[in-house]
Amino acid sequence: MQGWSGKIIYVNLSKAEVKVKPLDPGFAQAFLGGRGFCSKILFDLFNPSIEDPFSPENLVCVSAGLLNGTLAPTSGRFTIGVARSPLTGLFCDGNAGGAFAPELRFAGYDALVISGASPKPLYLYIEDSHVELEDASHLWGREVWEATDMLRKDYGDQELKVLTIGPAGENRDAVCSVMCDYTKAIAGGGVGAVLGSKKLKAVAVRGSGAIELADPEKFEQVAVELHQAIRSMPFYETLSKYGTPILVSIFKKLGGLPSYNWQTGVFREAEKIDETVLVNEYSTKSRACYGCPIHCSHFYLVREGEFAGTTGEGLEYEALGGFGSRCGVFSMPALLYINNLCNRLGIDVIQASSSIALAMHLWQDKILNLEDTEGMELQWGDHHAIIKLLSQMASRKGFGGILADGALKAARSIAKIKDLPEEKIEYYVVHTKGYAHSNVELRGSKGIALAYGVASRGGDHLRGHATQERYASLGLYKKPEDWVKVGVPLEIARTWYEKQALDPRSPSGKALLVIYNENLFAAADALGVCKFATSWQNLPFGPEYMAKLATAATGVEYDWKRILECGERIYNVERAMQSRYGCRRRHDYVAPRFFREPLPEGPRKGEVLSRDEYDRMLDEYYEARGWTLEGLPTWRKLNALNLKDVAEDLARRGLIKAEG
């Protein structure tokens, strides 16, 4: 197969068995790769009647994108999905960059499917055609960085790409992450905990092959053109210099920097933890993921003070916002140390900071006391308490062990301990479908709120976040043609203006805005490219460029509409999978606090969501998606997307009615 490697590895840990099977061409063309492969494989192979996330029959899929390992800019991203998440009880996945996925492609594989459970720790070693399970007893209990170093030393290869879990995954924390390249985190709703239950410590890969392209000359031409287009955009230089930490300043200016567990959008110490502090005082060098001209990450070093000697990479906005404004910490050295600690222990910064912010909020309101926390005070901004809680979470010891199950389950446990109604404590948790929100303020941004509510894995910014509202409100794009510069097809942009979709305070047209982003993001994840290069961050890697590269890679004719249709197909499969678990309309609402508590201060003072407006947006969204008003994909829609097998599965379960 041209473009694709054409092979999938299937690992059964119960049998210590590895098989390699060919990739079906029709499947590949319909789902592209990455998230597309991951979602459909899990839908096809998992029995949804299995409710225990730690059952050996639970499945994990690691899938590279179609463009991984090529000259396409930002083509280093891949997806890991789990059929039953220990965080949410639903399907969930995560996405990361680095260089692991290109290496998997160089070894000759598109995906890896993991089932069963081993009685002893194992790791999977892949070197071209050699794929073998090896004993990982010496790695078990090791932190991420140490385990990675040990594997590289064992093979005498400092370029070995390693995907591994840390102690948090081994101890089945729902807030854990899977790590690659030391600092690239795949959260995925506790997928690392599922790997821990299966006793799979790591996947190490080395490849020496090439990726065969249908039209390499055309591919190179388009890739070079796109590289140049990305670098020519006004926002490129800023994003390249500062990376995601720039959101601290942006959200501060807008009065929408979630602080103290979403009690306010104003954090008065924000200037102490913004992007200028990171770059000017602690950054030593920029770093890029595979094939990326943006190089938005940073190597950092703390030279003095309590955390002197702390060195690492990254510190994305979600760590700054999550442990910073949301937990009240305004010491940059402390945040850098906390970021390193999460990476070493294999902890997801979003879910972990959400759990800790919940605990601090309950402490503030005198619901938790010293007896509950085993003598630990949980004052806002106490980074020492956060460090201690993270260590407890990773080992599942002490009060932190309760928080390791994620904010929603922790709230329920605390309610039980305190003999209080569950709904009283759950009210403190900002989540959708059990997935704690990433650090974005939704009140006053109707489209972003809808995107968080209907997101297929639960509320976060990587499913359909409608940043176009924010850019339009800042006056960056005044007519449809302006959006073409950042890769939005003119036909799509015109509908936004016709439906008045770009006004963040208006509920009109939000379905079209959110659905475009959802389909685009799904396609980007399937291709293995970074959303930062798309219109999401004012850069031009849109569906037209995606189509040109996919066509040149595979020889299959794609245009921008077909690329977005692939994204729509992926999204419908994910929705169908969640429907089998019982997800309905009631699960598509964001946290009740956003409907009841107006922002108390700042430029957005008084902003709050309207339940009536949200209901209208949901109705519009379901209609535009071709779903029922309960949020179920219909027979007609699924068949239109060539998903007859999915439609038949839902009909057989009595979820939809067969037609024709």
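Quick caveat, the model's predicted, so the values are computed rather than measured.

Reading the values: the criteria
Note that residues are indexed from 1 along each chain, following the sequence as it is written. Two thresholds apply to this predicted model, a pLDDT of at least 70 for residue-level local features and 80 or more for giving and counting side-chain atom pairs, whereas whole-chain, interface and lining totals are computed over all residues. The side-chain figures draw on all heavy atoms in the structure; neither hydrogens nor water molecules are used. Helix and strand definitions follow DSSP, with helices as H or I runs of at least four residues and strands as E runs of at least two, each counted in order from the N terminus. Take the number of residues in a helix, subtract one, and multiply by 1.5 Å to get its expected span. Exposure is judged per residue with a 1.4 Å probe applied to protein chains only, and the accessible area is read against the type maximum: over 50% gives exposed, under 20% gives buried, and values in between give partly exposed. Residues count as neighbours in contact if any of their non-hydrogen atoms are within 4.5 Å of one another. Two N or O atoms count as a polar contact when they lie within 3.5 Å, although within protein this holds only if one can serve as hydrogen donor and the other as acceptor, and sequence-adjacent residues are included solely when both atoms are side-chain atoms. At least two DSSP bridges between two strands are required for those strands to pair. The axes are straight lines fitted to the C-alpha atoms, using for helices just the contacting stretch, and the angles between their N-to-C directions are given from 0 to 180°. Two helices that cross are described as forming a left-handed crossing if the nearer one is turned anticlockwise from the farther one by less than a right angle, and a right-handed crossing if clockwise. Here the term charged refers only to Asp, Glu, Lys and Arg, the term nonpolar to Ala, Val, Leu, Ile, Met, Phe, Trp, Tyr, Cys and Pro, and the term polar to all other amino acids, Gly among them. For classification purposes, angles smaller than 35 degrees are called roughly parallel, those larger than 145 roughly antiparallel, those between 65 and 115 roughly perpendicular, and all remaining angles oblique. In this description, a nonpolar core means a group of buried Ala, Val, Leu, Ile, Met, Phe, Trp, Tyr and Cys residues linked to one another through side-chain atoms lying within 4.5 Å. Criterion for a disulfide: a pair of cysteine sulfur atoms within 2.5 Å. Pairing of aromatic rings covers Phe, Tyr and the six-membered ring of Trp, with a centre-to-centre limit of 6.5 Å; geometry is then stacked below 30 degrees between planes, edge-to-face above 60, and tilted otherwise. For a lysine, the NZ atom is tested; for an arginine, the CZ atom; a charge sits over a ring if that atom is within 6 Å of the ring centre and within 35 degrees of the ring normal.

Chemist: Describe helix H14 (residues 383-395), listing the residues and the values that go with them.
Modeler: The terminal C-alpha atoms of H14, which comprises 13 residues, lie 19 Å apart, in line with the 18 Å expected from a rise of 1.5 Å per residue. Of all the residues in H14, the buried ones are His383, Ala385, Ile386, Ile387, Leu389, Leu390, Gln392, Met393 and Ala394. Residues of H14 that are buried sit in contact with helix H5 (167-170), helix H11 (317-325), helix H12 (332-345), helix H13 (349-364) and helix H15 (400-403). For H14, the side-chain oxygen to backbone nitrogen distance between the N-cap and His384 is 3.1 Å, and the N-cap itself is Asp382.

Chemist: So what's going on with the sheet that holds strand E14 (residues 297-301)? Which residues, and what values?
Modeler: In space, the 3 strands of this open sheet follow the order E13-E14-E15, with antiparallel pairing throughout. This sheet does not close on itself; its edge strands, each paired only once, are strand E13 (283-287) and strand E15 (311-313). Taking the axes of each pair of neighbouring strands and ignoring which way they run, one obtains an average angle of 15° across the sheet. Here E14 runs beside E15; their pairing, made up of 3 bridges, is antiparallel. Residue pairing for E15: Tyr300 is matched across the bridge by Gly312. Along the sheet face, H12 touches E14 and E15 and points at about 70° away from the line of E15.

Chemist: Report on the packing of helix H2 (residues 34-45) against helix H24 (residues 560-580), specifying residues and quantitative values.
Modeler: Relative orientation of the contacting elements H2 and H24 amounts to 30°, with a least axis distance of 9 Å. Both H2 and H24 take part in a crossing whose hand is left-handed. On H24, the residues that touch Arg35, Gly36, Ser39, Lys40, Leu42 and Phe43 of H2 are Ile570, Tyr571, Val573, Glu574, Ala576, Met577 and Arg580. Here the residues of the contact of H2 with H24 are counted per class, giving 7 nonpolar, 2 polar and 4 charged.

Chemist: Provide a residue-level description of the packing of H13 against H14, including the pertinent values.
Modeler: The geometry of H13 relative to H14 is characterised by a closest axis approach of 11 Å and an angle of 120° between their N-to-C directions. As summarised for this structure, H13 and H14 are arranged oblique, according to the angle between their axes. The two elements H13 and H14 cross, and the hand of that crossing is right-handed. Here Ala352, Ser355, Ile356 and Met360 of H13 come into contact with H14, specifically with Ile386, Leu389, Leu390 and Met393. Looking at the contact of H13 with H14 residue by residue, the class counts come to 7 nonpolar, 1 polar and no charged.

Chemist: Quick rundown of the nonpolar core? Include the residues and the values.
Modeler: Judged by nonpolar contacts, the single largest core of 188 residues is most densely connected at Leu67, Phe323, Ile356, Leu378, Leu390 and Tyr621. Ranked by residues supplied to this core, first place goes to helix H22 (residues 510-527) with 12 residues. If sequence neighbours within four positions are ignored, Phe323 has contacts with Glu318, Gly328, Val329, Leu335, Ile338, Cys342, Val349, Ala352, Ser353, Ile356, Ile386 and Leu390.

Chemist: Which residues make up the pairing of E14, and what are the values?
Modeler: The side chains of a regular strand alternate, first on one face of the sheet and then on the other. The sheet contact formed by E13 and E14 spans 4 bridges and is antiparallel. By the bridge assignment for E14, Arg287 is matched with Ser297.

Chemist: Can you tell me about unusual backbone geometry, naming the residues and giving the values?
Modeler: A positive phi angle, close to 50°, is found at Asp181, a residue other than glycine. Considering the arrangement of structural elements, one finds Asp181 in the loop between strand E10 (178-180) and strand E11 (184-186). Residue Asn642 is not a glycine yet carries a positive backbone phi of 60°. Secondary-structure assignment places Asn642 in the loop between helix H27 (635-640) and helix H28 (644-652).

Chemist: Lay out the sheet that holds strand E1 (residues 7-12) with the relevant residues and their values.
Modeler: Note on sheets: strands pair through backbone hydrogen bonds, and any given pair is parallel or antiparallel. If you walk across this open sheet you meet the 6 strands as E2-E1-E6-E3-E4-E5, and the pairing is mixed. Looking at the sheet topology across the chains shown, the edges are occupied by strand E2 (17-22) and strand E5 (92-96). The mean inter-strand angle of the sheet, taken between neighbouring strand axes irrespective of direction, is 15°. Sheet topology note: the strand E4 (residues 78-82)/E5 ladder contains 5 bridges and is antiparallel. Bridged to Gly81 within E5 is Asp93. Across the sheet, helix H3 (residues 100-107) touches strand E3 (60-64) and E4, and the angle it forms with E3 is around 80°.

Chemist: Run through H12, naming residues and quoting values.
Modeler: Taking 1.5 Å per residue as the helical rise, H12 with its 14 residues ought to reach 20 Å, and the 20 Å between its terminal C-alpha atoms agrees with that figure. In terms of burial, H12 is a largely internal element, 13 of the 14 residues being buried. Looking at where H12 begins, the residue whose side-chain oxygen comes 3.2 Å from the main-chain nitrogen of Ala334 is Ser331. Backbone geometry just after H12 places Gly346 at a positive phi near 75°.

Chemist: Please set out the state of the cysteines residue by residue, giving values where relevant.
Modeler: This structure, assessed with the given rule, holds 0 disulfides. Cys342 forms no disulfide, and the closest cysteine sulfur to it belongs to Cys327, at a distance of 10 Å. No disulfide involves Cys530; its sulfur sits 6.3 Å from that of Cys292, the nearest cysteine.

Chemist: Give me the lowdown on the packing of aromatic side chains, citing residues and values where you can.
Modeler: Each aromatic ring pair is specified by the distance between its two centres and by the angle formed by the two planes. Evaluation of the coordinates by the stated rule reveals 21 aromatic pairs. Centroid distance Phe78 to Phe100: 5.3 Å. Interplanar angle 35°. Geometry classified as tilted. Of this pair, Phe78 sits in strand E4 while Phe100 sits in helix H3, and the two are 22 residues apart along the sequence. Here the aromatic rings of Tyr477 and Trp483 are separated by 4.0 Å at their centres, their planes lie at 20°, and the arrangement is stacked. Trp483 shares its class with Tyr477; the two are buried. Among the aromatic residues, ring-to-ring pairing joins Tyr471, Tyr477, Trp483, Trp496 and Tyr516 into one connected group. Seen from the ring of Tyr10, Lys21 lies directly overhead, with NZ or CZ sitting 4.9 Å from the centre.

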